[in-house]
2 protein chains.
Amino acid sequence: MQTPLPKFDSVFSVDCVIFGFEEGVLKILLIERNEPPFKDCYALPGLFVGHDEGIDYAAERTLYELTGLRDIYMEQLYTFGDLDRHPEGRVITVAYYALIRLSSKIEVRPHSNYAKTAFWHPVADLPQLAFDHTLIFQKSLEKIRRKISDQPIAFELLPEKFTLTQLQNVYEAILNRKLDKRNFRKKMLNYGILKELDEKQRGVSYRAATLYKFDRRKYAKVFQKELSFIKE
Amino acid sequence: MQTPLPKFDSVFSVDCVIFGFEEGVLKILLIERNEPPFKDCYALPGLFVGHDEGIDYAAERTLYELTGLRDIYMEQLYTFGDLDRHPEGRVITVAYYALIRLSSKIEVRPHSNYAKTAFWHPVADLPQLAFDHTLIFQKSLEKIRRKISDQPIAFELLPEKFTLTQLQNVYEAILNRKLDKRNFRKKMLNYGILKELDEKQRGVSYRAATLYKFDRRKYAKVFQKELSFIKE
DNA sequence: ACAAAAGTGTTAGTATTACACCCATGA
DNA sequence: TCATGGGTGTAATACTAACACTTTTGT
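Residues numbered from 1 in each chain as written. Chains lettered and ligands numbered in written order. Predicted model: local features only at pLDDT ≥ 70, side-chain atom pairs only at ≥ 80, totals over all residues. Heavy atoms only, no water.

Undergrad: Even after reading the chapter, I still don't get unusual backbone geometry, so can you show me in this structure?
TA: Residues and elements named next belong to chain A. Here the bond from Pro36 into Pro37 is cis, since omega is -5 degrees, no more than 30 degrees from zero. Mapped onto the secondary structure, Pro37 falls in the loop between strand E2 (25–33) and strand E3 (42–43). A positive phi angle, near 50 degrees, is found at Phe131, a position not held by glycine. Of the residues examined, Phe131 reaches a relative accessible area of 17% and is grouped as buried. Even without glycine at this site, Asn176 takes up a positive phi of about 65 degrees. (Helix = DSSP H or I, 4+ residues; strand = E, 2+ residues; numbered from the N terminus. Buried < 20%, exposed > 50% of the residue type's maximum accessible area, 1.4 Å probe, protein only.)

Okay, structure coming up:
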């Protein structure tokens with residue numbers, strides 16, 4: 001005996017807050033909608049979830065269709081399911097956030113025609129966004145603010161080799177305040193999760209900084225014990 | 001011009017991990033299913049989300065129908081949307097967790113007949129659960145472990161007036177390890193979010209402990225600054 | 001008087017903060 | 001030689017961790 005599933009015409013979607021870091025500025029990827037509702041408005045990139053795909057997969061597809069990138073750091077953020085969040089009916093959306101290393105090679109272009117354009121925009125002065133996307137963005141920023149101090153997600157925004165100042169710039173951009181250079185360096189180096197390279201920055205017109213890599217192996221050791229919050 | 005929403009036969013549900021604390025033991029509320037699939041198996045309480053209700057509301061309804069309680073501490077946990085998580089089709093579920101004060105007045109009884117029984121079960125030795133509910137439970141436990149040290153959710157599990165030892169017991173049950181009594185008290189009192197009452201425990205056959213209340217007003221002040229994780 | 005839990009301080013070690021100058025490099 | 005960011009140490013303070021005995025109460 002089987003009880004059939006109830007039949008609802010329900011729709012769910014994924015929306016992605018895709019963070020990038022460029023010229024010392026934290027940005028997210030926005031699209032300009034080409035379809036109603038909110039035609040010509042800015043919005044977070046998103047897709048309807050096919051009934052034959054997992055939601056994580058749908059989020060990865062959103063990212064891939066826009067940037068051509070795969071295997072990006074991406075996490076589920078929150079699910080937004082208020083009745084009135086979509087003007088044309090009931091749409092529940094699962095929001096994700098992703099961190100990507102920007103480089104000149106990455107070209108963003110909408111793959112389908114639901115979006116006219118796609119572009120990076122600084123988080124500091126975002127325009128109005130369609131639906132509840134401003135709220136989704138705010139929640140994603142809070143999330144990475146918390147997370148950045150617990151877990152080494154800052155590295156995901158940088159090239160493989162980076163200087164300590166670049167790393168500090170990522171922290172400052174996300175936390176939105178200045179940090180003390182000496183203390184920052186001391187702390188980062190003490191964690192023991194950076195590997196110093198014997199390579200220096202090139203092409204700068206001042207003293208070249210030492211390059212570092214993130215050492216995933218050491219990280220696993222160091223940060224698993226950090227799970228104890230009340231420490232003792 | 002309107003683009004109609006795509007029509008999928010999609011189903012979503014909510015599932016709730018409802019924590020309670022009784023006799024020094026952390027428990028969750030389980031039901032015994034009365035319908036296939038997984039008939040006669042244990043599961044987390046859950047409901048299909050009506051197409052005319054918000055998801056938060058659906059979660060509150062789940063809790064209310066089972067316990068008669070409203071206005072309970074409840075937060076969204078995570079959304080589970082793998083293709084194969086439900087044997088009869090595509091069901092995306094939004095998981096919530098709740099913390100409730102147990103008291104003899106609370107009677108749990110299933111309101112609909114999808115469940116035969118409902119009962120509290122210690123988290124330490126849960127039976128096998130239907131669907132991916134074991135995974136959902138594990139994720140909820142991790143979540144409250146992290147959260148308990150950041151935010152005063154422990155109080156939600158205790159009566160309004162409680163002793164420091166009872167509070168410590170909640171921490172120990174959730175974190176699953178012993179804490180030092182003197183350090184625990186020092187730290188809790190230093191936060192300044194407890195109000196000492198001039199009332200003592202009653203009906204115990206040993207020295208009666210002082211009762212405390214959680215002071216929500218002071219909390220708001222103290223913990224908003226804790227949002228800075230890299231402190232300086 | 002005894003059983004049971006309440007209540008209480010100190011010390012050593014570690015982490016955090018605040019703070020300012022010289023160095024190396026390329027233009 | 002100058003402009004630019006790289007790189008470095010110390011002292012004061014706050015927090016954390018380890019640790020054991022006396023007090024109160026009811027039976």
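Undergrad: Explanation requested: helix H2 (residues 133–150) of chain B in the structure shown.
TA: The periodicity of an α-helix, 3.6 residues per turn, causes residues three or four positions apart to be oriented the same way. For H2 of chain B, spanning 18 residues, the distance from its first C-alpha to its last is 26 Å, which sits close to the expected 26 Å at 1.5 Å a residue. Lining the buried residues of H2 of chain B we find strand E1 (11–22), strand E2 (25–33), strand E3 (42–43), strand E5 (73–80), strand E6 (91–100) and helix H3 (164–175) of chain B. (Expected span 1.5 Å × (residues − 1). Contact = heavy atoms within 4.5 Å.)

Undergrad: In this structure, what is going on with the pattern of salt bridges? I would like to understand it.
TA: If charged atoms from side chains of opposite charge come close, those side chains can pair. Taken as a whole and judged by the stated rule, the model has 27 salt bridges over all chains. Where Asp15 of chain B meets Arg85 of chain B, a salt bridge forms, and the shortest distance between an N and an O atom there is 4.0 Å. Residue Asp15 of chain B is found in strand E1, and its partner Arg85 of chain B is found in the loop between E5 and E6; the two are separated by 70 residues along the sequence. Taken individually, Asp15 of chain B and Arg85 of chain B each receive the classification buried, so the pair is uniform in this respect. A salt bridge links Glu53 of chain B to Arg61 of chain B; its shortest N-O distance comes to 2.6 Å. Looking at Glu53 of chain B, the relative accessible area reads 7%, which means it is buried. Owing to a relative accessible area of 24%, Arg61 of chain B belongs among the partly exposed residues under this scheme. Each of Glu32, Lys39, Asp40 and Lys116 of chain A takes part in one network of salt bridges that share partners. (Salt bridge = Lys/Arg side-chain N within 4 Å of Asp/Glu carboxyl O.)

Undergrad: I tried to follow the domain arrangement of chain A on my own but got confused; where do I start?
TA: How big an interface is tends to be stated in terms of the accessible area lost upon association of its parts. Residues and elements named next belong to chain A. When its domains are assigned, chain A resolves into domain 1 (11–149) and domain 2 (161–227). For domain 1 versus domain 2, the separation of C-alpha centres amounts to 28 Å. Every contact between the two is made by seven residues of domain 1 and, on the other side, nine residues of domain 2. Interface area for domain 1 against domain 2, summed over the two sides, is near 760 Å², with a carbon-plus-sulfur share of 71%. Area buried by domain 1 at its contact with domain 2 is led by Phe21, Arg145 and Ile148, which between them contribute 65% of it. Across the contact surface, domain 1 and domain 2 share zero salt bridges. At the junction of domain 1 with domain 2, the criterion picks out two residue pairs in polar contact (both at pLDDT 80 or more). For the side of domain 1 that touches domain 2, the residue count by class is four nonpolar, one polar and two charged. (Domains from an automatic or database assignment. Buried area = accessible area lost by both parts, 1.4 Å probe. Polar contact = N/O pair within 3.5 Å; in protein donor to acceptor, adjacent residues only side chain to side chain. Nonpolar A, V, L, I, M, F, W, Y, C, P; charged D, E, K, R; others polar.)

Undergrad: It is not clear to me how the pairing of strand E6 (residues 91–100) of chain A should be interpreted in this structure. Could you clarify?
TA: In the case of a regular strand, side chains alternate between the two sheet surfaces. Residue and element names in this part refer to chain A. Counting buried positions along E6 gives ten out of ten residues, so the element sits mostly inside the fold. Judged by which residues are buried, E6 turns out to be covered on both faces: Val91, Thr93, Ala95, Tyr97 and Leu99 on one side and Ile92, Val94, Tyr96, Ala98 and Ile100 on the other are all buried. Bridge analysis of strand E1 (residues 11–22) against E6 gives ten bridges, and the strand direction is parallel. Bridge pairing in E6 places Ser13 opposite Thr93. Across seven bridges, the pairing between strand E5 (residues 73–80) and E6 is antiparallel. Considered in E6, the bridge of Tyr78 is made with Ala95. (Pairing = 2+ DSSP bridges.)

Undergrad: Sorry if this is basic, but what is going on with the nonpolar core here?
TA: The biggest cluster of nonpolar side chains holds 60 residues, and the ones touching the most others in it are Ile18 and Tyr96 of chain A together with Ile18 and Tyr96 of chain B. Sequence-distant contacts of Ile18 of chain A, defined by excluding residues within four places in its chain, comprise Lys27, Ile28, Leu29, Pro45, Leu63, Ala98, Ile100 and Trp120 of chain A. (Core = buried A, V, L, I, M, F, W, Y, C linked by side-chain atoms within 4.5 Å.)

Undergrad: What is the right way to look at helix H4 (residues 181–191) of chain A in this model?
TA: Among the residues of H4 of chain A, the N-terminal cap falls to Asp180 of chain A, whose side-chain oxygen and the backbone nitrogen of Arg182 of chain A are separated by 3.1 Å. Once H4 of chain A finishes, Gly192 of chain A follows within two positions and takes phi at roughly 70 degrees, a positive value.

Undergrad: When you look at the environment of Arg185 of chain A in this model, what are you seeing that I'm missing?
TA: All names here are of chain A. Of note, Arg185 is situated in helix H4. Along the sequence, Arg185 and Gln168 sit 17 residues apart, while their C-alpha atoms lie 8.3 Å from each other. The residues touching Arg185, leaving out its near neighbours within four places in the chain, are Leu164 and Thr165.

Undergrad: Got a minute to help me understand the packing of aromatic side chains in this structure?
TA: Inspection of every chain in the model, using the stated rule, returns 17 aromatic pairs over all chains. Relative to Phe184 of chain A, the ring of Tyr171 of chain A lies with its centre 5.3 Å away and its plane at 65 degrees, an arrangement referred to as edge-to-face. One end of the pair, Tyr171 of chain A, is in helix H3 (residues 164–175); the other, Phe184 of chain A, is in helix H4, with 13 residues separating them in the sequence. Here Tyr171 of chain A and Phe184 of chain A have matching classes, each one buried. The residue whose ring lies beneath Arg70 of chain A is Tyr64 of chain A, and the NZ or CZ to ring-centre distance is 3.8 Å. Lying over the aromatic face of Tyr78 of chain B, Lys139 of chain B brings its terminal NZ or CZ to 3.7 Å of the ring centre. (Phe/Tyr/Trp six-rings, centres within 6.5 Å; stacked < 30°, edge-to-face > 60°. Lys NZ or Arg CZ within 6 Å of the ring centre and 35° of its normal.)

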